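Coordinate analysis (summary)
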Amino acid sequence: MFRTHKATICWVLIFTMVVGPSWAVAQTPAAPPATATPQKLDVEYVTPGTALAAVAFPRRVLTAPEAEMMPTEVMTAAGMKQLGIDPMDVEQILLVAEPPTPPMPPSAGLVVRLAKPYSMAAILPVLKEMTTESTLDGKPCRKGINPMLPSYYMPDDRTLVLATGGMLERMVAQKAQPVEGAMSKLLGRMNDSDDALAVLLVEPIRPLAAMAMASAPPLPPGLEGVRDVPQLVNVVGLKLKLTGNPRALLSVRARDEAAAQELERLVDQLLSMAHQAMMADMARKAPADPVEQAAQQYAHRVSKRMLDMVRPVRKGDRLELTFDQTSAIQPAHMATTGVLIALLLPAVQAAREAARRAQSANNMKQIGIAMHIYLEAKKTFPARANFDAEGKPLLSWRVHILPYIEQEALYREFHLDEPWDSPHNKTLIDRMPEIYRNPSSPSPPGQANYLVPVGPGTLFEGDKGSKIREILDGTSNTILVVEADPDRAVIWTKPDDLTYDPASPAAGLGRAHPGGFNAAFADGSVRFLAKDIDPTVLRAFMTRAGKEIVNPGL
């Protein structure tokens, strides 16, 4: 684990020290454009299976007049210390990535072209302990000690190739015996006139994207069409010019013109929803101060115009969004950026909360499925805890469903005959599965937000698990798990849950999200219940055999 962490640090260092500083140059005043003749992009290491590629030219950017105020001396010292490479010597860096082939993660590689000779023995000291000496194509190579760690070699003293798994071998084989793939064909038609560019081919990852969309939590109302985006898009490209006359071009090539029209409609819908959210937020504020009223009037006047600045233009089967000296976003307009951020922030926060609420509902859905698998295996739902001979509760139901949420290995580490706070079991508290945490909750690590109602009449009454036939009110009318208020979170292994009080059935509930909380029912469904839900209805939901009549629309 420590070695993998260090490898990750190395990848981050390469990007932040070699590529990252380049982006800041675009913020400086423009100099006259370069007059060098554009050259075709070097694609000799781009494998046929590449789905993502990015190219940057750090040396060109960092030695441009616009970079005069950049701390290049510090960057050189840090690069030499951490990587053994001066970022100022990096002529070009190419990133290539292939889609994952389950169960393996995506494969990625870097090709770094250097302006002067470097010795392989002197570079990447951080990777030395994670690699072993080897050879590749008749030259020295450092091989990662496991497939998740990067390997690297230098075919010459001005080229470094670094990659994970078998990607390094595939890249070297591609250079020796080129096989044209979709990415190399596309990049081969481009030149190096831009300071950075990136291309994503959607076709190779479309099945994975479709699976991810299918298993994703429900999208907020109005955003359902986003699930179709992977089926509509073929290629996504980004070009950046950071020197001379800065510009940026984001291009999306759709499957055909009809697909481009559908993408355009989705973008229009998203921007319209953002504008409506901004207007609704301003309407709620209704300031009394004249200055604040004027500020709101100004915001109302410019809000749509500012959103239109990020509206792409459709050209046949493409959508394009351009920022340059001829586009709407000019220095004269930058004063309004703060206003746009202020207006969009509530809408962004609302969208984030909607996503967190949907993710929390998905967590509860998975917990409900786990309980039903437990029911099928044990013929009862889990009890709220297991108990010792004296009737003392030991470990929560959250521990006992671990095998059914793909946490069998963690489950086997528990001493099931010991309480949750025994010297051994306490060491496992920090390893709480993420599925037990409400993404909207500020609860500290190791504390769960999903509790079962316990007490007379509930599904978790007593020290035994309930059988399905004991739910006389119907599984769709009986709560299985609730999303408790943040201050009611409990240590996940502790047999502590929500004590149901018939006189105050909503105690501890209603603040998990703005407006209410999620509840998982015994039929496997998850519903959002308003914080001001009728106590009679909530009381009926909490019990398994109260024989109450509940409006099925609730």
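Read on for an overview of the structure. (Residues numbered from 1 in each chain as written. Predicted model: local features only at pLDDT ≥ 70, side-chain atom pairs only at ≥ 80, totals over all residues. Heavy atoms only, no water.)

The next point concerns helix 3 (residues 72–82). Along an α-helix, residues three or four apart share an orientation, since each turn contains 3.6 residues. Of all the positions in helix 3, only Thr72, Met75 and Gly79 are classed as buried. Down the axis of helix 3, the buried side of the element spans an arc of 55°, and every buried residue falls inside it. In helix 3, the exposed positions angled more than 90 degrees off the buried face are occupied by Glu73, Val74 and Lys81. One or two steps after helix 3, the chain reaches Gly84, where phi turns positive at roughly 75°. (Buried < 20%, exposed > 50% of the residue type's maximum accessible area, 1.4 Å probe, protein only. Helix = DSSP H or I, 4+ residues; strand = E, 2+ residues; numbered from the N terminus. Arc of directions from axis to C-beta.)

With that out of the way, let us pick up the packing of aromatic side chains. In the structure shown here, the tally under the stated rule is 5 aromatic pairs. Judged by centre distance (6.4 Å) and plane angle (80°), the ring pair of Trp397 and Tyr436 falls under edge-to-face. Here Trp397 is found in helix 11 (residues 397–400), whereas its partner Tyr436 is found in the loop between helix 12 (408–413) and strand 15 (447–448), with 39 residues between them in sequence. In this structure Tyr436 comes out as buried when scored by relative accessible area, which is 0%. Seen in terms of ring centroids, Phe521 and Phe541 are 5.0 Å apart; in terms of plane orientation they differ by 85°. Their pairing is edge-to-face. Taken together, the residues span a long stretch of sequence, with Phe521 in strand 21 (residues 516–521) and Phe541 in helix 13 (residues 535–542) at a distance of 20 residues. Phe521 sits in the buried class, given a relative accessible area of 0%. An aromatic cluster is defined as three or more aromatic residues linked by ring pairs; in this entry it consists of Trp397, Phe414, Tyr436 and Trp492. Arg357 extends its terminal NZ or CZ atom over the ring of Phe528, reaching a point 3.5 Å from the ring centre. (Phe/Tyr/Trp six-rings, centres within 6.5 Å; stacked < 30°, edge-to-face > 60°. Lys NZ or Arg CZ within 6 Å of the ring centre and 35° of its normal.)

So, on to a positive patch on the surface. The grouping of Lys185, Arg189, Lys239 and Arg318 at the surface amounts to a positive patch. Within the secondary structure, Lys185 is located in helix 5 (residues 182–188). The class of Lys185 is partly exposed, set by a relative accessible area of 46%. (Patch = residues over 30% accessible without salt bridge, like charges linked within 9 Å, V, L, I, M, F, W, Y side chains within 5 Å. Areas by Shrake-Rupley, 256 points an atom, 1.4 Å probe, with all protein chains shown as cover. Salt bridge = Lys/Arg side-chain N within 4 Å of Asp/Glu carboxyl O. Lys, Arg positive; Asp, Glu negative; His and termini not counted. Charge placed at Lys NZ, Arg CZ, Asp CG, Glu CD.)

Interpretation note: all reported values are geometric properties and have no functional meaning in isolation.
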